[in-house]
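Commentary on secondary and tertiary structure
So the chains spell out like this:
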Amino acid sequence: MKKLMVAIALGLLLAGCLEVDQHPEWIRGEYAGKEDNRHYQARFHNDRLSWSATIQNRNQKQNEYNRANP
């Protein structure tokens, strides 16, 4: 019985020690992690107008009213 209690206590102790901190670092109130690029920065060479036009064109092609009555 004593061995079982020691095994359970050891298991609980190890489970508590394996917890990994998953919060990003903050320095002086600001996020210190990697900045993620926006789609217009990564795929359209920072041309936000071109990105917006592409999105609007794509949305028009998905409009069923335009597709049914050309």
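In case you missed it, the structure is sitting above this.
What counts, and at which threshold
- Residues numbered from 1 in each chain as written.
- Predicted model: local features only at pLDDT ≥ 70, side-chain atom pairs only at ≥ 80, totals over all residues.
- Heavy atoms only, no water.
- Helix = DSSP H or I, 4+ residues; strand = E, 2+ residues; numbered from the N terminus.
- Expected span 1.5 Å × (residues − 1).
- Buried < 20%, exposed > 50% of the residue type's maximum accessible area, 1.4 Å probe, protein only.
- Salt bridge = Lys/Arg side-chain N within 4 Å of Asp/Glu carboxyl O.
- Phe/Tyr/Trp six-rings, centres within 6.5 Å; stacked < 30°, edge-to-face > 60°.
- Patch = residues over 30% accessible without salt bridge, like charges linked within 9 Å, V, L, I, M, F, W, Y side chains within 5 Å.
- Areas by Shrake-Rupley, 256 points an atom, 1.4 Å probe, with all protein chains shown as cover.

It is worth spelling out helix H1 (residues 2-17) at this point. The first and last C-alpha atoms of H1 sit 23 Å apart over 16 residues, in line with the 22 Å expected at 1.5 Å per residue. Counting buried positions over the 16 residues of H1 gives zero, only a small fraction of the element.

We now examine the pattern of salt bridges. Counted under the stated rule, the structure contains one salt bridge. Its salt-bridge partner being Asp36, residue Lys34 comes within 2.9 Å of it at the nearest N-O pair.

Let's shift gears to the environment of Asn59. Mapped onto the secondary structure, Asn59 falls in helix H3 (residues 48-61). With 30 residues separating them along the chain, Asn59 and Gly29 place their C-alpha atoms 39 Å apart.

With that settled, the discussion passes to the packing of aromatic side chains. Aromatic ring pairs are described here by two measures, namely the spacing of the ring centres and the angle between the planes. A complete count under the given rule lists two aromatic pairs for this structure. Relative to Tyr31, the ring of Trp26 lies with its centre 6.2 Å away and its plane at 70 degrees, an arrangement referred to as edge-to-face. Owing to a relative accessible area of 55%, Trp26 belongs among the exposed residues under this scheme.

Turning our attention to a nonpolar patch on the surface. A surface patch of nonpolar side chains, about 600 Å² in accessible area, is lined by Met1, Leu4, Met5, Ile8 and Leu12. With respect to the secondary-structure elements, Leu4 resides in helix H1. You can call Leu4 partly exposed: its relative accessible area is 48%.

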